[in-house]
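Descriptive analysis of the structure
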Amino acid sequence: MRSHYCGLVNEKLVGQEVTICGWVHRRRDHGGVIFLDMRDREGIAQVVVDPDTEQSFATAERVRSEFVLQIKGIVRDRPEGTINDDMRTGKIEILGKDVTVLNAAETPPFPLDDYNDVGEDTRLKYRFMDLRRPEMLNKLIFRSKVTSHIRNFLDQNGFMDVETPILTRATPEGARDYLVPSRTHGGNFFALPQSPQLFKQLLMVSGVDRYYQIAKCFRDEDLRADRQPEFTQVDLEMSYMDENAIMTMMEGAIASMFKELLDVDLGAFPRMPYAEAMNKYGSDKPDLRIPLEIIDVADLMASIDFKVFAGPAKDPKGRVAALKVPGGAKLSRKQIDEYTKFVGIYGARGLAWIKVNELEKGTEGLQSPIVKFLGDDVALAIMDRLGAQNGDIVFFGADKAKIVNEALGALRCKLGEDLDLYTCAWAPMWVVDFPMFEELDDGGLTAIHHPFTAPSCSPSELKDNPAAALSRAYDMVLNGTELGGGSIRIHDGAMQSTVFDILGISEAEQANKFGFLLDALKFGCPPHGGLAFGLDRLVMLMTGASSIREVIAFPKTQSATCVLTKAPGEVDSKQLRELSIRVRLPESEKPES
Ligand code: ASP
């Protein structure tokens, strides 16, 4: 039906006849001639229809925005003074000869040529129109380039694309499962995979050696910001490679992608132990574009009278730390109050601060509500440790270590953004040496990565002191966002059972839930490891999109629904009966009768 995409008609075609198809982006009637901006996936071309071509002119007169047209015409140079250098097709126009309406369109729910934010619900309800907007379509095009780059890279490195089941059993990644009732086995349920973790490990046992899959994963998580119940991972697993080899290869994949698609050199990927990341940045995904560091001052505070600091300083689970912001003394009282509110989100009960006005005057030169409680010696010792200079502000956190890390870690990022402290555009890194386990509120342990991650110690050392064990896990972080994570896996049955034991999974439960894995480990499982990248996150960062919903064709809302198809929806009672299911809504969710 067409000879060229609208957006690809260019000056090389001047004098030639072309046929384009697309939507009417905009129609302008310039008394006598009609201009039609025609749009398709590749961009926009300007078509001029003049009254000499009577029938086409009559058609052009009645078309409206978003009508679908086929136009045959001759490419010509734009007249002097009308060249538009901002447009790919801005040097030419098409003199329309035959204009055919392929389909009409009602008035769009929002204008596409002069788009104003109409709210996400409307955009999602009419997603098929929203995606017509070049801004949105370009993100999908970019996403497709990312997956194509990844596939090429992995093909060249000997990876095999293998699909794994969607209807499966629970694969623990720390979220709730989406369940699918079985009709043929009433009362039994499939779980949608939280990740292909166990299948990809089994593929290593089978000899696939290098596996990848662009895999949909499903996690029924509490509605935290910017998560999707179904999302896409670039999932990888490799035999006979240690963490160093895996990290090096994956850096290559990401760095070559940034070079090819964005012309960005990512540079080195420093590797930082988890403990250092938490200590200096209060986060296991530090944003290294920001030069601020959190510094411990508990030892200086332990013996002062002021309980707010002395209490956590003496508590083995506490932390007292400071964050120095060069030039921050110019922050107003109001701004400081806002930061105090901000750290409150993370559980901090306040935000103490010291402005460094004239350090040469000793504590006289410090402006702060807390110096009097610290005493001169302690206040000056802190200034000394931080290397404070006139014009700086120092913020303090004193509480349980978890709260201080989260609060000061988030404050560090917020200050970095608000005060534009970034030292570079991209800061990739690896976080390594994670602890194996994390303590739950009830005193039990849970795996920080997942229970199939290998510890760095022997089974007996692990059993003796699980809380101190480190794992062979690694996370790739870019600009404070976790791009991907993985680990070297346990390939030995005894070690796997030890980890299950520590997690409180009984032998019977191990056999029931993970019998197939324990079986597989008995039959010559090669040492292996892997990781998974979050594709949505990666594309979001690369395109500068504000949320992952912007880079997913048909995302769910923040409350895990699809407003376009109205999913999830009710099903009729016959279907439920076939599935042996009776629905019992909690009182609060019963429809009013
Ligand atoms: N399955 C892991 C995850 O989804 C990634 C990995 O360990 O390869 O986070």
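Scope of this entry: the structure provided in the associated data block. Residue positions within a chain follow its written sequence, with the count starting from 1. Local features in a predicted model are, by the rule used here, given only for residues with pLDDT of at least 70; side-chain atom pairs are given and counted only at 80 or more, and totals for whole chains, interfaces and linings are based on all residues. By convention in this description, side-chain values take in all heavy atoms of the structure and omit both hydrogens and water.

**What to know about the site of the ligand**
Rules: Nearness is defined per residue: one heavy atom within 4 Å of the molecule or strand is enough. Polar contact is the term for a pair of N or O atoms within 3.5 Å; when the atoms are in protein, one must be able to donate a hydrogen and the other to accept it, and sequence-neighboring residues count only if both atoms are side-chain atoms. Residue burial considers only the protein chains on display, and all accessible areas are found by Shrake-Rupley using a 1.4 Å probe.
Near the ligand, the surroundings consist of 14 residues, among which Glu-173, Gln-197, Lys-200, Arg-219 and Arg-489 are the closest. Side-chain polar atom of Lys-200 to an oxygen atom of the ligand: 2.6 Å apart, as the coordinates give it. Relative to its free-state accessible area of 270 Å², the ligand is covered by the protein chains to the extent of 92%.

**Examining the sheet that holds strand 2 (residues 33-40)**
Rules: Should DSSP find at least two bridges between two strands, the strands are regarded as paired. Here a helix means four or more residues in a row that DSSP labels H or I, a strand means two or more in a row labelled E, and each is numbered from the N terminus. As a rule, the C-alpha atoms of each element are fitted with a line to give its axis, helices using only the stretch in contact, and angles between N-to-C directions run from 0 to 180 degrees.
Strand order in this closed barrel of five strands is 1-2-3-5-4, and the pairing throughout is mixed. For this sheet, the mean angle separating the axes of adjacent strands, direction not counted, is 55°. Relative to strand 5 (residues 92-103), strand 3 (residues 43-49) is paired through two bridges, and the arrangement is parallel. Across the sheet, Val-47 pairs through a bridge with Ile-94, a residue of strand 5.

**Concerning unusual backbone geometry**
Pro-568 follows Ala-567 through a cis peptide bond whose omega is 0°. Within the secondary structure layout, Pro-568 lies in the loop between helix 17 (535-543) and helix 18 (573-578). Phi at Tyr-240 is positive, roughly 60°, even though this residue is not glycine. The phi dihedral of Asp-263 falls on the positive side, at around 55°, and the residue is not glycine.

**Observations regarding the packing of aromatic side chains**
Put simply, the test is: When two rings of Phe, Tyr or Trp (its six-membered ring) have centres within 6.5 Å they constitute a pair, described as stacked for plane angles under 30 degrees, edge-to-face for angles over 60, and tilted for the intermediate range. Only protein chains enter the area calculation, which uses a 1.4 Å probe; residues under 20% of their type maximum are buried, those over 50% are exposed, and those in between are partly exposed.
Counted according to the given criterion, the structure contains 13 aromatic pairs. Considering the side-chain rings of Tyr-339 and Phe-395, the 6.4 Å spacing of their centres and the 65° angle between planes classify their relative orientation as edge-to-face. With Tyr-339 in helix 10 (residues 333-344) and Phe-395 in strand 16 (residues 393-400), this pair connects stretches of sequence that are 56 residues apart. Residue Tyr-339 shares its accessibility class with Phe-395, and that shared class is buried.

**So, helix 16 (residues 507-520)**
Put simply, the test is: Under the convention used throughout, the expected extent of a helix is 1.5 Å for every residue step, that is, one less than its residue count. To obtain the bend at a residue, axes are fitted to the seven residues ending there and to the seven starting there, and the angle between these axes is taken. Only heavy atoms enter the contact rule, under which two residues are in contact if any of them lie within 4.5 Å.
Under the 1.5 Å per step criterion, the end-to-end length of helix 16 is only 17 Å for 14 residues, more than 12% shorter than the ideal 20 Å. If you look at helix 16, its biggest bend is around 90°, right at Phe-514. In this structure, the buried side of helix 16 is in contact with helix 5 (197-206) and helix 15 (493-502).

**Observations concerning the pattern of salt bridges**
Note the threshold: By convention in these notes, a salt bridge is any Lys or Arg side-chain nitrogen within 4 Å of a carboxyl oxygen on Asp or Glu.
A full pass over the atoms with the stated rule returns 42 salt bridges. Across the salt bridge formed by Glu-42 and Arg-88, the nearest N and O atoms sit 3.8 Å from each other. One end of the pair, Glu-42, is in the loop between strand 2 and strand 3; the other, Arg-88, is in the loop between strand 4 (68-77) and strand 5, and 46 residues separate them in sequence. One network of salt bridges, with partners in common, ties together Arg-123, Arg-127, Asp-130, Arg-133, Glu-135, Lys-139 and Glu-550.

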